[in-house]
Amino acid sequence: RDAGLDPRKSPATPATDDAEFADPYGVPLLPQLLAAAERNYRRSRRGLVRKLEGEVNRLHELLLAQQQGEADRLHEQKLSALAELAAGAGHEINTPLAVISGQAQLLQQRIDDPDVIKSLQTIVTQTRRVHEILTDMMGFARPPKPAPQVFDLALVARDAVAAIRESAGDRTVEIDVPEAFVAYADPRQTRGILNNLLRNSLEAVGADGWIRVTGGDAPDGRLRLAVEDSAGGPDAEFLDHLFDPFFSGRPAGRGRGLGLPTAWRLARQQGGDVRFEPALNGPAQFVILLPRAEAFTPGRMTA
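If you're wondering where the values come from, they're calculated on a predicted model, not measured in any experiment. Residue numbers run consecutively from 1 along every chain, following the written order of its sequence. Totals for whole chains, interfaces and linings use all residues, but because this is a predicted model, local features are given only for residues with pLDDT of at least 70 and pairs of side-chain atoms are given and counted only at 80 or more. The basis for every side-chain value is the complete set of heavy atoms in the structure, and neither hydrogens nor water enter the calculation.

Draft legend 1. Fine view of the packing of helix α2 (residues 114-141) against helix α5 (residues 259-268). To get an axis, a line is fitted to the C-alpha atoms, and for a helix only the part in contact is used. The angle between two axes follows their N-to-C directions and goes from 0 to 180 degrees. Only DSSP runs of H or I with at least four residues qualify as helices, and only runs of E with at least two residues qualify as strands; both kinds are numbered from the N terminus onward. Across the interface, α2 lies against α5 with an axial gap of 8 Å and an inter-helix angle of 30 degrees. In terms of axis orientation, α2 runs roughly parallel to α5. Pair α2 / α5 crosses with left-handed handedness. Only Pro261, Thr262 and Arg265 of α5 make contact with α2, whose side of the interface consists of Asp136, Gly139, Phe140 and Ala141. Each residue belonging to the contact of α2 with α5 can be placed in one class, and the counts come to three nonpolar, two polar and two charged. Note that the term roughly parallel is reserved for angles under 35 degrees, roughly antiparallel for angles over 145, roughly perpendicular for angles of 65 to 115, and oblique for everything else. Left-handed is the label given to a crossing in which the near helix is rotated counterclockwise from the far helix by less than a right angle, and right-handed is the label when the rotation is clockwise. We call two residues contacting when some pair of their heavy atoms lies within 4.5 Å. Charged means Asp, Glu, Lys or Arg here, nonpolar means Ala, Val, Leu, Ile, Met, Phe, Trp, Tyr, Cys or Pro, and polar covers whatever is left, Gly included.

This is the structure in structure tokens:
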């Protein structure tokens, strides 16, 4: 080993005097350049983060829209299958039902025993009740084809509210719909939709409750007619089944469970919708959405 070399220093790194290195912070403009570079780096990162956050939000919205679309599609397929079943069952049941009712009425004319006549009348009454249920079921399963036209939705809403007031008793029924609220749909079916929602609210509220109908514009450009009441809406456990046929959250015997599904089906077949909208700081609403008349060729208005 060469005795002239310091073993603590590598031959590849010769010793130098520290005085030869200048303080980098003493170099003119270097601190400012370094600070500017750091700011640019942080700014570029913030822009990238914002862009990525925007992409994540967009993908989340697309996912929610797809999930909602799939849920709506499956619900519609389920209701279509139930409708076909209900239509077939209704047709098959009506025929023997008519025979039973006819035979019971024939026996009433031939028998003098009051007790037997009373029993036969019970049979006739119950067969008529079953027939009414089947009629409602067929109305859901195979509703008439809509005949859309331009009409004032406000007039239809006021007529429906006036009709429900007769059976409202002490319950208050109010309406706040703008004038010339012009829709393009089937006015008769629209009145049926609104009647179903009003009856649903009437059965839900107490003796001193209230019902309110309001109208306005929906975010998607359609007309929005909302029916709200003081009952506060259905329980959370019922929300997934509100538009299922024969489902009723009320005690047995108080509802057939066809009002909301029929309203939904009538609205959907003419380009509209019926949905339940929970509210955080207000009464829950059942909302009717219908096409606006401006989207179609203007025609003669009707009520």
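Draft legend 2. Spatial organisation of α5. Relative accessibility decides the category of a residue: with a 1.4 Å probe and only protein chains considered, values under 20% of the type maximum give buried, values over 50% give exposed, and everything between is partly exposed. Within α5, eight of the ten residues are buried, leaving the element largely enclosed by the surrounding structure. For α5, the full list of buried residues reads Leu260, Pro261, Thr262, Ala263, Trp264, Arg265, Leu266 and Ala267.

Draft legend 3. Structural detail: the pattern of salt bridges. Within this document, salt bridges are pairs made up of a side-chain nitrogen of Lys or Arg and a carboxyl oxygen of Asp or Glu, the two lying within 4 Å of each other. With the rule as written, the count across this model stands at nine salt bridges. A salt bridge links Arg191 to Asp159; its shortest N-O distance comes to 3.8 Å. With Arg191 in helix α4 (residues 187-204) and Asp159 in helix α3 (residues 153-165), the pair connects residues that are 32 residues apart, well separated along the chain. On the basis of relative accessibility, which here comes to 41%, the residue Asp159 falls in the partly exposed class. Of the charged contacts in the structure, one is a salt bridge between Arg275 and Asp273, with a shortest N-O distance of 3.0 Å. On the basis of relative accessible area, Arg275 is assigned to the partly exposed category, the value being 34%. By relative accessible area, which is 10% here, Asp273 ends up buried. Each of Arg268, Asp273 and Arg275 takes part in salt bridges that share partners, so that together they form one network.

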